[in-house]
Amino acid sequence: MKTNIFHISIISTGILALTSLYGCGSAESKAEPAKEKKTVISTFNLKKDKLSTALNLPGELIALQQVDLYAKVSSFVQTLKVDIGSEVKKGQLLMTLEAPELSSQMAAARSRLKSQEALYTASKANYNRLYETSKTPGTISTNDLDQAMARRNSDLAQFEAAKAALKEVGAIQNYLEIRAPFSGIISARNVNLGAYVGPSGKGSELPLFTLQDQRNLRLAVSIPEIYTGYLKAGDEVSFSVKSLPSQTFKAKVKRLSGALDLRLRSERVEMDVPNLSKTLLPGMVTEINIPLPANASTFIVNKKATLDTSEGLFVLKVSGDKIEKVAIKKGRETDDQVEIFGDLKEGDKLVAEPSEEMHDGMSIKL
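A few points on the structure.

### Re the nonpolar core
Counting 24 residues, the largest nonpolar core has L61, F239, M271, L280 and I290 as the members making the most contacts within it. When residues of this core are traced back to their parent elements, those giving at least two are strand 4 (53-63), strand 13 (216-224), strand 14 (236-241), strand 15 (244-260), strand 16 (266-274) and strand 17 (285-292). For this core, the element with the highest residue contribution is strand 13, accounting for four residues. Residues L69, F182, F209 and L211 belong to the second largest nonpolar core, which totals 21 residues.

Set out below in structure tokens:
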């Protein structure tokens, strides 16, 4: 019995010893420090380059000159000399109007002119006689001579006023003839014979005619703010229209507004387009190709080297064996390259294909 008890005791002791040894080995294993893993990534050196691109924007063709013609005075259409599509020359008669009341105003103005002319002639003759008589001392008092002079001057003023009134009525009567202010084509006609017309809102809601110079067009386009520095007067652009997709037209920048539209934040630019063959029409929508040459060397990177996050646009710069996030702004871009601006210098080492898992201070292996 004693032997069995001893044997069991040994076995129990052995089990305890094994357990103790196993526990010690586990503790030592946990005490070993975990080794920091380094991610292997590809990088490239930042350098400057010149990026020449082209900008495609929609534009609009408009007539170089266009005017809506209205009647100056309330009247009726008497004759029509032209219609839609008529080609007219500068000064050509387009239509005549009739206003019977103007004839009576003209007759009244002529009568007043003749009356004032007679009064002036009489007062002038009276003054001249008194003046000649006054040369003999004591014949005419100075007061009488002064009064005669004042009457003559007053009648002269009235006479001049009557002449001006007649001229005014004559000028108004000239408005009964509507003439072309420049050479062009009638693109709209909104009246018929006998129609009552007048100034806008007083007989004519719509213009009598719309006249366009279609031999010379202007191409208008709004350039976004970011690209305004790349265009100047004299630069050539190309454009196309939907009705003639196989043809490409050329135009040169003629006018720049020099200010940004407050609503679109863009600059209006216009190009003159000769159109002697009348192939193009005012109102056509165009697709304009604007070359944007490189004015100076800037940092150019592959688009894959930029990291677009909810916080903004970044590139990842390698400093030693750590990553540093650098905020950037984009400039011009092509299919696979982009111009970047930020706190960068030539020769900086950037991550070629960054991901959102990469963060500031992350260790890397090159």
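### A word on the side chain of S75
You can see S75 is positioned in strand 6 (residues 75-80). Aside from chain neighbours lying at most four places away, what touches S75 is L97, E98, A99, L176, A195, Y196 and V197.

### Quick notes on the sheet that holds strand 12 (residues 209-212)
Within a sheet, adjacent strands bond to each other through the backbone by hydrogen bonds, running parallel or antiparallel. If you trace the four strands from one edge of the open sheet to the other, you get 5-12-10-7, paired in antiparallel fashion. This sheet does not close on itself; its edge strands, each paired only once, are strand 5 (66-69) and strand 7 (87-88). Relative to strand 12, strand 10 (residues 184-189) runs antiparallel, the two sharing four bridges. By the bridge assignment for strand 12, I185 is matched with Q212.

### Things to note about the pattern of salt bridges
Going through the model one piece at a time under the given rule, you end up with 14 salt bridges. Of the charged contacts in the structure, one is a salt bridge between D235 and K232, with a shortest N-O distance of 3.3 Å. Under the relative-accessibility criterion, D235 is labelled buried at 17%. Its relative accessible area of 55% is what places K232 among the exposed residues. E333 is the partner of K303 in a salt bridge, and the nearest nitrogen-oxygen pair spans 3.0 Å. Remark: E333 occurs in strand 21 (residues 322-333) and K303 occurs in the loop between strand 18 (298-302) and strand 19 (307-309); sequence separation between them is 30 residues. It is possible to trace a salt-bridge network through shared partners that takes in R218, R255, R268, E270 and D272.

### Some remarks on the environment of E333
Taking the relative accessible area as the measure of exposure, E333 reaches 36% and is therefore partly exposed. As a C-alpha pair, E333 and K303 span 30 residues in sequence and 8.6 Å in three-dimensional space. In this view, E333 contacts L51, T53, K303 and V338; residues no more than four positions away in its chain are not counted. Within polar-contact distance, the side chain of E333 engages the side chain of K303 at 3.0 Å.

### Some words on the packing of aromatic side chains
The description of two aromatic rings rests on the distance between their centres and on the angle between their planes. The full count for this structure, using the stated rule, is four aromatic pairs. Taking 5.4 Å as the distance between ring centres and 55 degrees as the angle between the ring planes, the aromatic pair formed by F76 and Y196 counts as tilted. Taken together, the positions of F76 in strand 6 and Y196 in strand 11 (residues 196-197) put the pair 120 residues apart, joining distant regions of the chain. Classification of Y196 by relative accessible area gives partly exposed; the value is 43%. Centre to centre, the rings of Y127 and Y131 are 6.2 Å apart; their planes meet at 25 degrees, and the pair counts as stacked. Note that Y127 and Y131 are positioned in helix 2 (residues 100-133) at a spacing of four residues, about one turn of the helix. Residue class for Y127 comes out buried when judged on its relative accessible area of 11%. A cation over a ring is seen here: K72 above Y175, with NZ or CZ 5.8 Å from the ring centre. We note K325 situated over the ring of F314; from NZ or CZ to the ring centre the distance is 4.9 Å.

### Things to note about the packing of helix 2 against helix 3 (residues 142-174)
One way to put it is that helix 2 packs onto helix 3 with a least axis distance of 8 Å and a crossing angle of 160 degrees. As judged from the angle between their axes, helix 2 and helix 3 are roughly antiparallel. The element helix 2 and its partner helix 3 pack so that their crossing is left-handed. Broken down by class, the residue content of the contact of helix 2 with helix 3 amounts to 19 nonpolar, eight polar and nine charged.

Cut-offs used in this document
Residues numbered from 1 in each chain as written. Predicted model: local features only at pLDDT ≥ 70, side-chain atom pairs only at ≥ 80, totals over all residues. Heavy atoms only, no water. Core = buried A, V, L, I, M, F, W, Y, C linked by side-chain atoms within 4.5 Å. Buried < 20%, exposed > 50% of the residue type's maximum accessible area, 1.4 Å probe, protein only. Helix = DSSP H or I, 4+ residues; strand = E, 2+ residues; numbered from the N terminus. Contact = heavy atoms within 4.5 Å. Pairing = 2+ DSSP bridges. Salt bridge = Lys/Arg side-chain N within 4 Å of Asp/Glu carboxyl O. Polar contact = N/O pair within 3.5 Å; in protein donor to acceptor, adjacent residues only side chain to side chain. Phe/Tyr/Trp six-rings, centres within 6.5 Å; stacked < 30°, edge-to-face > 60°. Lys NZ or Arg CZ within 6 Å of the ring centre and 35° of its normal. Axes fitted to C-alpha atoms, helices over the stretch in contact; angles between N-to-C directions. Parallel < 35°, antiparallel > 145°, perpendicular 65-115°, else oblique. Left-handed = near helix turned anticlockwise from the far one by under 90°. Nonpolar A, V, L, I, M, F, W, Y, C, P; charged D, E, K, R; others polar.

Worth remembering: the numbers are spatial, not functional.
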